[in-house]
Structure formats: structure tokens, C-alpha cells
Amino acid sequence: MSRLGTETAFEVLARARALEASGREIIHLEIGEPDFDTPEFIRKAAQKAMDAGFTHYTPAAGLPEVRKVVADHLSKKIGVPFKPENIVITPGAKPIMFLSILALIETGNEVIYPNPGFPIYESAVNFVGGKAVPYPLEEQNGFRMEGERLKKLLTNKTRMLILNSPHNPTGTVLGKKELEGIFEVIKNREDIWVLSDEIYSRGLYSGTHISIASFPGMAERTIVLDGMSKAYAMTGWRLGFGAMPDALAQAVTKLAINDFSCTSGFGQKAIEAALSGPQDEVDKMVAEFKARRDLIVSGLKQIPRLSITEPQGAFYVFPSIKKFGKSSREMADYLLEGAGVACLSGTAFGRFGEGYIRFSYANSQENICRALEKIKTALEKV
Ligand SMILES: Cc1ncc(COP(=O)(O)O)c(C=O)c1O
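Residues numbered from 1 in each chain as written. Predicted model: local features only at pLDDT ≥ 70, side-chain atom pairs only at ≥ 80, totals over all residues. Heavy atoms only, no water.

**Student:** Sorry, what's going on with helix α12 (residues 365-380) here?
**Tutor:** The periodicity of an α-helix, 3.6 residues per turn, causes residues three or four places apart in sequence to face the same way. Look at α12: 23 Å from first C-alpha to last across 16 residues, which is about the 22 Å you get at 1.5 Å a residue. Among the residues of α12, Ile368, Ala371, Leu372, Ile375, Ala378 and Leu379 are the ones counted as buried. Taken end-on, α12 shows its buried residues confined to a sector of 140°, consistent with a single buried face. Turned more than 90 degrees off the buried face of α12, the exposed positions are Glu366, Glu373 and Glu380. The secondary structure elements touched by the buried residues of α12 are β1 (27-28), α10 (280-301), α11 (328-339), β10 (341-342) and β12 (357-360). (Helix = DSSP H or I, 4+ residues; strand = E, 2+ residues; numbered from the N terminus. Expected span 1.5 Å × (residues − 1). Buried < 20%, exposed > 50% of the residue type's maximum accessible area, 1.4 Å probe, protein only. Arc of directions from axis to C-beta. Contact = heavy atoms within 4.5 Å.)

**Student:** Would you mind going over helix α9 (residues 265-276) with me for this structure?
**Tutor:** The terminal C-alpha atoms of α9 lie 17 Å apart, and with twelve residues this matches the ideal 16 Å at 1.5 Å per residue to within 8%. Along α9, ten of the twelve residues are buried, which leaves the element largely enclosed by surrounding structure. Every buried residue of α9 is listed here: Gly265, Gly267, Gln268, Lys269, Ala270, Ile271, Glu272, Ala273, Ala274 and Leu275. Next to the buried residues of α9 lie α2 (40-51), α3 (64-78), β2 (87-90) and β8 (240-243).

**Student:** Help me understand the site of the ligand in this model?
**Tutor:** Near the ligand lie 14 residues; those nearest to it are Asp197, Tyr200, Ser229, Lys230 and Arg238. Within the side chain of aspartate 197, one N or O atom sits 2.6 Å away from a nitrogen atom of the ligand. Note that an oxygen atom of the ligand is positioned 2.6 Å from one of the side-chain N or O atoms of serine 229. Protein chains bury 93% of the 390 Å² of accessible surface belonging to the ligand in isolation. By residue class, the composition of the shell around the ligand is six nonpolar, four polar and four charged. (Near = heavy atom within 4 Å. Polar contact = N/O pair within 3.5 Å; in protein donor to acceptor, adjacent residues only side chain to side chain. Areas by Shrake-Rupley, 256 points an atom, 1.4 Å probe, with all protein chains shown as cover. Nonpolar A, V, L, I, M, F, W, Y, C, P; charged D, E, K, R; others polar.)

**Student:** Got a minute to help me understand the packing of α2 against α9 in this structure?
**Tutor:** The geometry of α2 relative to α9 is characterised by a closest axis approach of 8 Å and an angle of 140° between their N-to-C directions. Classified by the angle their axes make, α2 and α9 are oblique. Note on packing geometry: the crossing formed by α2 with α9 is right-handed. Between α2, through Phe41, Ile42, Ala45, Ala46, Ala49 and Met50, and α9, the contact on the second element is made entirely by Phe266, Lys269, Ala270, Ala273 and Ala274. (Axes fitted to C-alpha atoms, helices over the stretch in contact; angles between N-to-C directions. Parallel < 35°, antiparallel > 145°, perpendicular 65-115°, else oblique. Left-handed = near helix turned anticlockwise from the far one by under 90°.)

**Student:** I keep staring at the nonpolar core and nothing clicks. Help me out?
**Tutor:** The nonpolar side chains of a soluble globular protein tend to be buried with one another. In terms of nonpolar packing, the biggest core is built from 92 residues, with Met160, Ile296, Leu335 and Phe359 touching the most fellow members. Taken together, domain 1 (8-31 + 280-380) and domain 2 (55-276) each give at least three residues to this core, which thus spans both. Dropping the residues within four chain positions of it, isoleucine 296 is found in contact with Leu29, Val317, Phe359, Tyr361, Ile368 and Leu372. (Core = buried A, V, L, I, M, F, W, Y, C linked by side-chain atoms within 4.5 Å. Domains from an automatic or database assignment.)

**Student:** Would you explain the domain arrangement of the chain in this entry?
**Tutor:** By a widely used convention, the size of an interface equals the accessible area lost when the partners come together. One can read the domain layout of the chain as domain 1 (8-31 + 280-380) and domain 2 (55-276). Of note, the centres of domain 1 and domain 2, computed from C-alpha atoms alone, are 26 Å apart. Domain 1 puts 28 residues into the contact, and the matching count from domain 2 is 28 residues. With both sides pooled, the region where domain 1 packs onto domain 2 buries about 2400 Å², and carbon together with sulfur makes up 60% of that total. On the domain 1 side of the interface with domain 2, the three residues burying the most area are Gln312, Phe349 and Phe352, jointly 26% of the side's total. One can count one salt bridge joining domain 1 with domain 2. Among the salt bridges present, the one from arginine 202 reaches aspartate 283, with a minimum N-O distance of 2.8 Å. Breaking the side of domain 1 that touches domain 2 down by element, the ones donating at least two residues are α10 and β9 (316-317). Considering every element that reaches the side of domain 1 that touches domain 2, the biggest residue donor is α10, with seven residues. By residue class, the composition of the side of domain 1 that touches domain 2 is 16 nonpolar, seven polar and five charged. (Buried area = accessible area lost by both parts, 1.4 Å probe. Salt bridge = Lys/Arg side-chain N within 4 Å of Asp/Glu carboxyl O.)

Written out as C-alpha cells, the structure reads:
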């Protein structure tokens, strides 16, 4: 258990709620979930499915018709011809991460992952006895992973590379150029799997999403992680999926049987409805996130000594606080206690997050404006 990490977002949320219970007003910029309601037609589809009897166990990898809809959706989105056999549906997208690492990584295998990055990558790799090798993302490179620097981290023990685009916590997007650079470095290393975390791929503010799975030969050794949580405002439903080669899908399904058996049937029917229904509500949410991104970025840029890299996707911004003489943790605590603004320390995303804090802009424009005022006033006093 000592090797297992955690996600501090949930701890900060609990502290913020405790302050609220004592009468303080807190603006929540800590938690990474859309503040919108799940679109009505998706809720209705789940209700209908429940009434129609989708309340029993389903096949472990998912209902055949839902796996087909997911396969078609991902094929169209990524440009790779996935079949239903490539798809495993899970309660949230996180199990795809954990189960594929469990299936593929043995003691001593090395896994390269972005740091700062989603904390569960490092946690899961360490837990299964692998060696988590951080790729330090640097502000001067726009927090992007680059082929040349990646090459230096490869050893003959490397078995997996984890990519995350759009990226949590920096909002960076890996474009064609960076992905080509990464592909060049790993294309002849057929012993290396790629776990491509594309959970934020619907939340892109310019250009189109590109997956490493679309590069020649890569679909045979890539796990595409995606799901409903962020794109359709469905975090609490716990619905995710992965696309992977058949043999790995069978292994992950076996792990699923040992762990959670299957994902709820009515939840799966909600996936089917969401992916095959109208997408205009998703487009509206993305447009609103873009407006909030512009608002928070321009507001933060006006605060002296903060340094901002403009996020291209997801709903996070990761300013540098290096000029304030406080650690990330101290700064996050200070903003929560002193300004009533909840945010996360950069170190919640690994040690290379020191010197940064993460704001989630999954909150209304009105609250973002108020938070900006409070942050500005509090930082003037530092
Ligand atoms: C980068 C990244 N991957 C995966 C997930 C997990 O998504 P889910 O809530 O569907 O398990 C998150 C959630 O915050 C995330 O930020």
C-alpha cells in the first residue's frame, strides 16, 4: 500500500467544503469536472433503459451494441478502424488506466509518463512494481513532450509510454509535429506500448484532435483511453472506455471480471444515446469553456509576477508562482485560507509541478471574475 499514491483534488474539495460549513465563502477552482448538467436526452435514455430492464449484469466488456457504437465513434474520431472486440467499457475511464497497466507491466518494467501529470499514472505503475520514469514537462517548451528529450529516457527496460493530450494539469495539446517526433523515437521499439489518455479530446479550443494510434502500426500497441466524464458532463455516472488490440482487450476484460464484473447496463445505454445523438450540447459546453479560458487567462496575465502558458484544451490553467517565494503547497493553502479560492498545488501532479498551481475553470464566468479579484488582492500582499 505504501507504493500507492492518490489524487489530492478530493482532499482539497473536502477541506474547502469544511470551510464552507464554517460559514466561509469559497470559490471552487480545484475540482476537474464540468459544472454543467448531463444533457437531458442522455438522462432520459438512461431512465428509459432502466425501465426497459437494463438493470442486470451485462457482458463484462460491455453490451455488444454499445461496444459497436463506441468502436464506430472512436474510428471516426481517430481515423483507425476499431471493431467492437477492441472496446472495453468500464465504470469511468480510470479502470482503463489501472487495468492496462496491471495487464502489461511487470516488476522492473519502466514506464515513461508526463510529470506534472495525472497522479494516478505514477501511482498505478509503482503499485504493480514497475518503475515510473518521469518525463519532466517544462514551461519553456509549453509543457510539451518532445521526441528528442524522450529518446534520452528510453532504456531496454522501457515497456510503456503514457501520453495525455489535451493535458491535465497544463492544458497543453500534442500537435502533429510533436506526435511525429514521438513516433519517430518509438516506431522501431515494438516492445513499447502507448497508453494514450484522450479523456479531454473533445475539449480542444482550436484544430482537431490527433491520436498516436493513427500513426502507422501504432494501433497494434496503443490503448486509447476515453470516456463520458468530461465531454458529456457525466463524471458521477462513472462511464469510460478503452480501445486496444483484441488480445489485450481480452486480458483487460478478465481483470474486469475479477474486479467489477461489468459496467451498469442503463449507464451503457446512456453512452449509446450520447455518442449516437446530437452533439450540439457538447459543442456549446466547449464554446463556454473556451470563453472561460480566455477570461481566466487574460485575468491572470494582468497579475504581476504570475507567468501563464495559454492552455489549448481541457479546462485547466497552470500558472507559475515561482516569483512569490512560496512553495506550491503553501500557495494553494494561502489562496484557500486567505482568499477563499480553492485550487491545487502543482505538486499534486508530481514533483516537477513544484513552482506552479492549477486552477480548474469549470466554474461560471461570474465566479471566475470574482476569483480573479480575490487572487489578485491576495497575491499583492505576498
Ligand atoms: C487525465 C485524466 N485521465 C483520466 C481521468 C479519469 O476520468 P474518469 O472520471 O472517467 O475516470 C481524469 C479525471 O480527472 C483525468 O484528468
